[in-house]
Amino acid sequence: MRIRAAVLEEFAQPLVVQELDLAEPRAGEVLVRLEACGVCHTDMYTASGVDPSGYAPTVLGHEGAGVVEAIGDGVSSLAVGDHVVTLFSPQCRECVHCRSPKTNLCLAIRDQQNQGHLPDGTTRLSRDGEPIRHFMGTSTFAEYTVMPEIALAKVSPEAPLDRACLFACGLSTGLGAAMFTAGVEAGSTCVVFGAGMVGLGAVAGCRLQGAERIVCVDLSDERLQMARHQGATDVMHGGPQVVDAILEMTGGFGADYTIEATGLVSVMRQAVESARMGWGLATMCGVAGKGETLDVIPRYLITGRRVAGSSFGGVKGRDQVPLLVQRYLDGDIDVDAFLSHQISLDEVNRGFELMEAQDGIRSVISFG
Ligand SMILES: NC(=O)c1ccc[n+]([C@@H]2O[C@H](COP(=O)([O-])OP(=O)(O)OC[C@H]3O[C@@H](n4cnc5c(N)ncnc54)[C@H](O)[C@@H]3O)[C@@H](O)[C@H]2O)c1
Ligand SMILES: [Zn+2]
Ligand SMILES: [Zn+2]
């Protein structure tokens with residue numbers, strides 16, 4: 001079929017919206033009609049050419065939600081008409097990582113996905129007979145996409161898809177960092193560094209876990225206001241004074257849980273140093289620049305602090321994204337607050353500009 005899609009033709013150049021060919025889903029694959037797709041930092045990072053693993057041409061986009069249009073042979077967990085959220089982090093339920101409760105990093109299709117291929121090593125996207133590679137196994141800046149069954153989470157049809165799409169990346173990453181990776185305990189004190197999509201999700205996650213005190217740190221007053229709305233009890237401007245301020249607020253000990261959502265290694269270090277002696281857990285969500293390293297004075301670790309990294313919030317996508325969406329439907333998470341701009345596929349480059357200008361939390365492409 002012919003579809004319209006936003007193609008990264010050349011790094012550091014605007015995406016070009018154009019018609020491409022999309023082949024039928026093969027065995028284990030599903031054709032999804034996208035209804036909505038968020039514009040995330042990772043799309044812009046790859047488009048910029050800074051990402052060492054990036055390639056072009058490709059169809060970007062990974063924060064998608066839509067409706068199943070067709071299924072390939074052997075697909076048993078999804079049917080035509082199901083509402084789905086796309087998963088750049090799949091869940092095969094069979095590999096050694098999927099069978100462990102300790103990680104969400106499914107191994108099943110990692111290599112093929114990183115190369116821009118579907119699991120059988122080929123692409124469904126093409127232009128004039130030339131294959132076009134998929135991006136993050138999703139390629140959702142497009143009217144339709146073909147994805148492996150194991151990379152789609154079936155969600156309640158009651159969830160508006162322009163809200164549900166945020167659970168495909170940023171929101172689940174933040175919620176999950178607090179709920180799954182850190183496993184924040186009721187009554188605890190938490191500090192969240194950064195109040196973008198991920199940090200605000202983490203604030204909401206800490207609240208859902210019953211944290212007593214949630215401090216959010218950011219540079220923007222507007223975003224700190226949003227953090228209060230999501231459940232922060234205290235807010236603070238970022239800067240070199242933050243660690244001392246947190247220690248002072250916590251009787252000199254530090255916070256039970258700190259969560260970093262800025263991508264800055266200097267802030268990651270603050271997250272370690274403001275975690276509590278004895279049991280403080282510092283969870284890192286941010287993606288740092290290539291070659292950057294995190295400086296940690298070992299004494300912080302010997303005295304009982306721990307550091308964890310979190311990819312997609314530790315969320316096992318097919319099992320847990322539907323549960324997070326249900327919590328939204330139950331009224332536990334205000335997702336509307338994150339949706340700042342609704343744009344068309346043709347305006348995708350404007351989505352990048354808005355992100356660069358830090359105008360709003362998320363721009364969502366609507367395909368309606
Ligand atoms: N681990 C994952 O699976 C995953 C998934 C999505 C995004 N990410 C990463 O998470 C990070 C956050 O993503 P986002 O979409 O929320 O980004 P964002 O840019 O919208 O938010 C980052 C926030 O950090 C704030 N900030 C900057 N300097 C600060 C400082 N010194 N102290 C405190 N706050 C400061 C900014 O004001 C901004 O609000 C990025 O690095 C992104 O690449 C990781
Ligand atoms: Zn993302
Ligand atoms: Zn797996």
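Presented here is an overview of the structure given in this document. (Residues numbered from 1 in each chain as written. Chains lettered and ligands numbered in written order. Predicted model: local features only at pLDDT ≥ 70, side-chain atom pairs only at ≥ 80, totals over all residues. Heavy atoms only, no water.)

### Here we look at the overall build of the protein
Logical step 1: Assigned secondary structure in the protein consists of 11 helices and 19 strands.
Logical step 2: Every one of the 368 residues in the protein was classed for burial, and the buried ones make up 56%.
Logical step 3: Across the protein, contacts joining residues at least 24 apart in sequence account for 70% of those joining residues at least 6 apart.
Logical step 4: Carbon together with sulfur atoms contributes 49% to the accessible area of the protein, which is approximately 15100 Å² in total.
Logical step 5: Across the protein, 28 positive and 45 negative side-chain charges occur, with their mean positions spaced 7 Å apart. (Helix = DSSP H or I, 4+ residues; strand = E, 2+ residues; numbered from the N terminus. Buried < 20%, exposed > 50% of the residue type's maximum accessible area, 1.4 Å probe, protein only. Contact = heavy atoms within 4.5 Å. Areas by Shrake-Rupley, 256 points an atom, 1.4 Å probe, with all protein chains shown as cover. Lys, Arg positive; Asp, Glu negative; His and termini not counted. Charge placed at Lys NZ, Arg CZ, Asp CG, Glu CD.)

### Points about the side chain of Gln113
Logical step 1: Note on placement: Gln113 falls in helix H2 (residues 110-114).
Logical step 2: Classification of Gln113 by relative accessible area gives buried; the value is 12%.
Logical step 3: Those residues in contact with Gln113 that sit more than four places away from it in its chain are Tyr55, Phe88, Pro90, Met136 and Gly137.

### Section: the sheet that holds strand E8 (residues 130-131)
Logical step 1: The strand order across the open sheet formed by six strands is E8-E7-E2-E1-E4-E9, and the pairing between neighbours is mixed. The strands lining the two open edges of the sheet, one partner per strand, are E8 and strand E9 (133-134).
Logical step 2: Two elements, strand E7 (residues 125-127) and E8, share two bridges in a ladder whose sense is antiparallel. The residue bridging Arg127 from the neighbouring strand is Glu130, located in E8. (Pairing = 2+ DSSP bridges.)

### Concerning unusual backbone geometry
Logical step 1: Following Ala56, the chain continues into Pro57 via a peptide bond in cis, with omega recorded as 0 degrees.
Logical step 2: Along the chain, the position of Pro57 falls in the loop between helix H1 (41-48) and strand E4 (58-59).
Logical step 3: Phi is positive for Arg93, close to 70 degrees, though the residue is something other than glycine.

Read these as layout, nothing more, since geometry by itself doesn't imply function.
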